[in-house]
Amino acid sequence: MAGSTQGDDKTRIRSASPSAKKIPARYQASVVILKGYAEGMEYPIDKIHAVIGRDPEVQVPLKDPLVSRQHAAILFHDGNFVLKDLDSTNGTQMNGVSIKEADLRHGDKFRVGDTVLQFILEDTGRSRTYEIGK
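Residues numbered from 1 in each chain as written. Predicted model: local features only at pLDDT ≥ 70, side-chain atom pairs only at ≥ 80, totals over all residues. Heavy atoms only, no water.

**Notes on the environment of E57**
Point 1. Looking at where E57 falls in the secondary structure, it is placed in the loop between β3 (49–53) and β4 (60–61).
Point 2. Its relative accessible area of 68% is what places E57 among the exposed residues.
Point 3. Here the alpha-carbon distance between E57 and R69, two residues twelve residues apart in the chain, equals 9.4 Å. (Helix = DSSP H or I, 4+ residues; strand = E, 2+ residues; numbered from the N terminus. Buried < 20%, exposed > 50% of the residue type's maximum accessible area, 1.4 Å probe, protein only.)

Listed below in structure tokens is the structure:
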């Protein structure tokens, strides 16, 4: 066989690609607190599973007594962002309606406890490149 070395016929196990656990670099996602403690604060969403809650160890920590320790999560799956309630005590609302799971798009606003957040998404991969002929 071309390119193989004699005696090296062991199956190699490839470790999981680091990009499989991250959001593609072309997306820059974040949430901004519109109403509540730390109003105006922006938190980047750079993992495929980002938790929102009162626990100081989560990706989006909130100081709101009506928010569960792990209240909701923003997931990146199959090229889409999704907001999912994590069986919180007071629920998650989007457009005034309680949700268990809902697709997220740029500009969407949602409420956890008394805190209102907005999802921000920039797709840097959509820029156009033009080739100028001679």
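Now that the structure has been shown, the text picks up again.
**Some details on the sheet that holds strand β8 (residues 97–99)**
Point 1. Across the sheet, which stays open at both edges, the six strands sit in the order β2-β1-β11-β10-β7-β8 with antiparallel pairing between neighbours. Each of the sheet's edge strands pairs with one partner strand only, and the pair in question is β2 (42–45) and β8. When the angles between neighbouring strand axes are averaged without regard to direction, this sheet yields 35°.
Point 2. Bridge analysis of strand β7 (residues 92–94) against β8 gives three bridges, and the strand direction is antiparallel. The residue bridging M94 from the neighbouring strand is V97, located in β8. (Pairing = 2+ DSSP bridges. Axes fitted to C-alpha atoms, helices over the stretch in contact; angles between N-to-C directions.)

**Some thoughts on the pairing of strand β10 (residues 109–112)**
Point 1. Burial of the side chains of β10 is restricted to one face: F110 and V112 are buried, whereas none of K109 and R111 on the reverse face is.
Point 2. Sheet topology note: the β7/β10 ladder contains three bridges and is antiparallel. Each bridged residue has a counterpart across the sheet, and for M94 the counterpart in β10 is F110.
Point 3. As defined by bridge partners, β10 adjoins strand β11 (residues 115–123) across four bridges and the pair is classed as antiparallel. Counted as the bridge partner of V112 is T115 from β11.
Point 4. Here β10 folds back onto β11 in antiparallel fashion, the turn holding two residues, of which G113 has a positive phi close to 60°.

**Examining the side chain of D85**
Point 1. Tracing the sequence through the fold places D85 in strand β6 (residues 80–85).
Point 2. With no salt bridge to any partner, buried D85 finds its closest opposite charge in K100, at an N-O distance of 4.1 Å.
Point 3. At 2.6 Å, the side chain of D85 forms a polar contact with the side chain of S88.
Point 4. With near-sequence residues (within four places) excluded, D85 lies in contact with H71, A72, G91, T92, I99 and K100. (Lys, Arg positive; Asp, Glu negative; His and termini not counted. Salt bridge = Lys/Arg side-chain N within 4 Å of Asp/Glu carboxyl O. Polar contact = N/O pair within 3.5 Å; in protein donor to acceptor, adjacent residues only side chain to side chain. Contact = heavy atoms within 4.5 Å.)

**A word on the confidence of the model for the chain**
Point 1. Per-residue confidence for the chain averages 85 on the pLDDT scale, and 78% of its residues sit at or above 70.
Point 2. When mean pLDDT is taken per element in the chain, β10 scores highest with 98 and β11 scores lowest with 94.
Point 3. Contacts for the low-pLDDT stretch residues 14–20, under 50 throughout, to residues beyond four places or in other chains number one contact. (pLDDT = per-residue confidence, 0-100.)

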